[in-house]
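Next come the chains, spelled out residue by residue.
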Amino acid sequence: RKEVEQDPGPFNVPEGATVAFNCTYSNSASQSFFWYRQDCRKEPKLLMSVYSSGNEDGRFTAQLNRASQYISLLIRDSKLSDSATYLCVVIKGGNTGKLIFGQGTTLQVKP
Amino acid sequence: EAGVTQFPSHSVIEKGQTVTLRCDPISGHDNLYWYRRVMGKEIKFLLHFVKESKQDESGMPNNRFLAERTGGTYSTLKVQPAELEDSGVYFCASSQDLGRAQYFGPGTRLTVL
């Protein structure tokens, strides 16, 4: 079983749609959580950190459910420029900052 | 402020040759990480430096890979001798503090023929 699991998609949505991605992680000791965005043949870029209380940044909302070991990302009013792969990323904690990546969910926003 | 930089952007070598990748982290970031993405797979951790010390090298595939960070500034990752399965994109990342978000360089695309 993978440590971080995501539905690879692709998710094909029209502009203006709301889309939600989910992610589960296997290690209950995980301490830090992030969503990164990766465009084709580019490096991952931090989209947002995910906090237990949930957090919002413009059109993006992230939620964390520690009991279910589940992370979500909601994108409202999708733009063409949101088309990318969204990576769910976890840090186990301890003395290492090792990031554990999911395989990514591909989003294609169409006009 | 300059981001993480990596050199070269691409490298094509033959099996058995040696390649050295370089990473310059964001200035002031003590934590430097190497990751790799092979085709069709998720990005995987290779190792973590805190300043010049290796904090965690649990992801290094084998002893053909050698990472250094002399002086705690830039880092190099040497592959010697390269094998076909070493092909992939090698990313470097840095962070100011442990457990915080990491910022990635553009990667080095390595092709071993």
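The structure we're discussing is the one just above.
Let us look at the structure shown here. (Residues numbered from 1 in each chain as written. Chains lettered and ligands numbered in written order. Predicted model: local features only at pLDDT ≥ 70, side-chain atom pairs only at ≥ 80, totals over all residues. Heavy atoms only, no water.)

1. Examining the overall build of chain A
Selection criterion: Here a helix means four or more residues in a row that DSSP labels H or I, a strand means two or more in a row labelled E, and each is numbered from the N terminus. Based on C-alpha atoms, the radius of gyration is set beside the globule rule, defined as 2.2 Å times the residue count to the power 0.38. Only protein chains enter the accessibility calculation, which uses a 1.4 Å probe; a residue is then buried when its area is under 20% of its type maximum, exposed when over 50%, and partly exposed in between. Here a residue-residue contact requires only that any non-hydrogen atoms of the pair lie within 4.5 Å. The positive count covers Lys and Arg only, the negative count covers Asp and Glu only, and His and the chain ends enter neither. Lysine's charge is taken at NZ, arginine's at CZ, aspartate's at CG and glutamate's at CD.
A tally of helices and strands in chain A yields zero helices and eleven strands. Moving toward the C terminus, one meets the helices and strands of chain A in the order β-β-β-β-β-β-β-β-β-β-β. What you see for chain A is a C-alpha radius of gyration of 14 Å, in line with the 13 Å of a compact globule of 111 residues. When its C-alpha atoms are laid out on the principal axes, chain A stretches across 45 × 30 × 20 Å. Residues classed as buried in chain A amount to 49% of the 111 residues present. Of the contacts formed within chain A by residues at least 6 apart in sequence, a portion of 56% connects residues at least 24 apart. Looking at charge distribution, chain A has the averaged site of its 13 positive side-chain charges lying 5 Å from that of its 10 negative ones.

2. Details of the interface of chain B and chain A
Here is the rule we go by: Buried area is understood as the total, over both parts, of accessible area removed when two parts are fitted together, assessed with a 1.4 Å probe. The salt bridge criterion pairs a side-chain nitrogen of Lys or Arg with a carboxyl oxygen of Asp or Glu, the two atoms within 4 Å. Here a polar contact means two N or O atoms within 3.5 Å. Within protein one must be a hydrogen donor candidate and the other an acceptor candidate, and residues neighboring in sequence count only if both atoms are side-chain atoms.
Listed by partner, the interface residues are 22 residues for chain B and 21 residues for chain A. Summing both sides of the interface, chain B and chain A together bury roughly 1800 Å²; the carbon and sulfur share of this comes to 54%. The largest share of the area that chain B buries against chain A comes from E42, I43 and F104 of chain B, three residues that together contribute 27% of it. Seen at the junction of chain B and chain A, the total is one salt bridge. For the salt bridge of E42 of chain B with K2 of chain A, the shortest nitrogen-to-oxygen distance reads 4.0 Å. Across the chain B-chain A interface, the total number found is six residue pairs in polar contact (both at pLDDT 80 or more). Those elements that provide at least two residues to the side of chain B that touches chain A are β4 (31–37), β5 (44–50), β6 (53–56) and β10 (103–104) of chain B. For the side of chain B that touches chain A, the element with the highest residue contribution is β4 of chain B, accounting for three residues.

Limitation: the analysis is restricted to geometry and does not speak to function.
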